[in-house]
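# Summary of the model geometry
The residues making up each chain are set out below.
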Amino acid sequence: MCPPDNFGVVYEINPWMHTEVGPDPDLARAQFDNLVATLTASGAEVEMLPSETGLPDMVFTANAGVVSGGTFVPARFRHPQRQGETPLDTAWFRSNGYDVRELPAGGCQEGAGDALPIFSPGIRPVLVCGYRFRSDISTHGAISSLLGVPTRSVELADDRFYHLDLCFCPLNGRRAMVASAGFDRYGMAVIESLVPEPLILDTEEALSFCANSVVVGDVVVMPACPPRVGRILESWGFSVVVVDVGEFLKAGGGCRCLTLALDVDLSDTCDSQAT
Ligand code: ARG
């Protein structure tokens with residue numbers, strides 16, 4: 001995670017951002033600290049990447065790149081406003097001992113925000129990769145070969161869900177939250193072939209950003225939780241914790257966007273689940 005010292009809405013690169021509706025810095029800090037405390041209490045360990053002046057979206061570390069084991073593939077951001085984050089992200093991963101492997105020049109790819117793994121016991125992990133608004137499908141082959149993981153490409157259909165992690169949230173090997181508005185029919189068919197028990201979110205539910213949740217074991221840390229969604233998650237054995245990240249929603253990001261999972265190994269057939 002990256003603290004919100006330099007967070008703000010000073011440009012508009014997604015439909016949620018309006019420069020005239022800026023975040024309150026103290027409230028943003030309190031919400032961020034509460035998210036860190038909630039994740040820690042749920043069993044996560046949190047590492048901090050220092051923030052940098054002039055990079056107001058650096059707080060959304062989900063977009064820094066894709067992690068697998070000791071390997072890090074840095075993002076290639078679509079918008080110049082975020083491209084300055086990449087050298088800082090890369091330096092952090094290098095200094096923490098990661099093997100940094102660059103995508104070939106050409107396409108854009110915005111990290112784990114557009115690449116979410118599904119881990120099913122006894123089966124090779126699959127990386128579901130979204131494309132269109134921020135990431136290009138042309139990068140998916142390189143991600144697959146750099147990280148040694150099969151990828152499945154899904155086109156994003158609605159610019160309000162401009163990253164995959166706004167409309168798709170894997171919960172475990174069988175289950176995921178899926179906003180049908182975020183995908184076309186082919187994308188939904190791909191997801192349904194990978195997720196035997198999807199929790200299909202209607203558009204109103206999905207617009208609450210409930211799919212932008214962090215799964216820590218059995219705990220689902222959510223920016224909002226519509227009642228029906230909470231009932232289903234609890235009937236499946238998850239506990240739901242809602243953390244108000246309203247100041248970050250003004251930039252189009254929620255709980256999941258504010259984190260990048262490091263405990264992911266895509267090369268392994270494993271029995272445990274990573275988030
Ligand atoms: N303002 C940021 C942007 O538009 C928000 C990023 C949200 N991140 C995410 N993983 N969905 O790039």
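Quick caveat: nothing in here was measured; it's all calculated off a predicted structure.

In this section: the sheet that holds strand β2 (residues 71–74). Pairing in this open sheet of three strands is mixed, and the strands run β1-β2-β3 from one edge to the other. Lying at the two open borders of the sheet, with one neighbouring strand each, are β1 (65–68) and β3 (99–100). Two strands pair when backbone bridges link them, and β1 and β2 are joined in this way by four bridges, in the antiparallel orientation. Residue pairing in the sheet places Val 66 in a bridge with Val 73 of β2. Sheet strands touched by helix α3 (residues 85–95): β1, β2 and β3. Its angle to β2, the strand with the most contacts, is close to 175°.

Moving on: the pairing of strand β12 (residues 239–242). Across four bridges, the pairing between strand β11 (residues 219–222) and β12 is parallel. Its bridge partner lying in β12, Val 219 is registered against Ser 239. Of the crossover connections in this fold, the one passing from β11 over helix α7 (residues 227–235) to the parallel β12 is right-handed.

What surrounds the ligand is a group of 17 residues, the closest being Asn 14, Arg 82, Arg 134, Asp 165 and Ala 251. Interatomic distance of 2.9 Å between a side-chain N/O atom of His 163 and a nitrogen atom of the ligand. Compared with its free state, where it exposes 350 Å², the ligand has 100% of that area covered by protein. Here the shell around the ligand is built from residues that sort into eight nonpolar, five polar and four charged.

Let's shift gears to the sheet that holds strand β7 (residues 168–170). Read across the sheet, three strands follow the order β7-β8-β9 without closing on themselves; strand pairing throughout is mixed. Of all strands in the sheet, those bounded by a partner on one side alone are β7 and β9 (197–201). For this sheet, the mean angle separating the axes of adjacent strands, direction not counted, is 15°. Sheet topology note: the β7/strand β8 (residues 175–179) ladder contains three bridges and is antiparallel. Directly across from Phe 168, in β8, lies its bridge partner Val 178. In this fold helix α5 (residues 185–194) packs onto β7, β8 and β9, with an angle of close to 140° to the strand it touches most, β9. In this fold α7 packs onto β8 and β9, with an angle of close to 165° to the strand it touches most, β9.

Over the atoms rolls a probe the size of a water molecule, and in doing so it shows where empty space is left. Under the counting rule described, the total for this entry stands at three cavities of 30 Å³ or more. Size it by volume and the largest cavity reaches roughly 130 Å³. Along the walls of the largest cavity sit 16 residues, with Ala 112, Ala 115, Pro 117, Ala 261 and Val 264 positioned nearest its centre. By residue class, the composition of the lining of the largest cavity is 12 nonpolar, three polar and one charged.

What follows deals with the pattern of salt bridges. Counting across every chain of the model gives 12 salt bridges. Across the pair Arg 82 and Glu 85 runs a salt bridge whose closest N-O atoms are separated by 2.8 Å. Taken individually, Arg 82 and Glu 85 each receive the classification buried, so the pair is uniform in this respect. Across the salt bridge formed by Glu 197 and Arg 174, the nearest N and O atoms sit 3.1 Å from each other. Of this pair, Glu 197 sits in strand β9 while Arg 174 sits in the loop between β7 and β8, and the two are 23 residues apart along the sequence.

How each quantity is defined
Residues numbered from 1 in each chain as written. Predicted model: local features only at pLDDT ≥ 70, side-chain atom pairs only at ≥ 80, totals over all residues. Heavy atoms only, no water. Pairing = 2+ DSSP bridges. Helix = DSSP H or I, 4+ residues; strand = E, 2+ residues; numbered from the N terminus. Contact = heavy atoms within 4.5 Å. Axes fitted to C-alpha atoms, helices over the stretch in contact; angles between N-to-C directions. Right-handed = clockwise from strand over helix to strand, strands pointing away. Near = heavy atom within 4 Å. Polar contact = N/O pair within 3.5 Å; in protein donor to acceptor, adjacent residues only side chain to side chain. Areas by Shrake-Rupley, 256 points an atom, 1.4 Å probe, with all protein chains shown as cover. Nonpolar A, V, L, I, M, F, W, Y, C, P; charged D, E, K, R; others polar. 1 Å grid on protein atoms, 1.4 Å probe; cavity = no way out; pocket = protein on both sides within 12 Å on 5 of 7 lines; lining within 4 Å. Points joined across faces, edges and corners; volume = space filled by probe spheres on them. Salt bridge = Lys/Arg side-chain N within 4 Å of Asp/Glu carboxyl O. Buried < 20%, exposed > 50% of the residue type's maximum accessible area, 1.4 Å probe, protein only.

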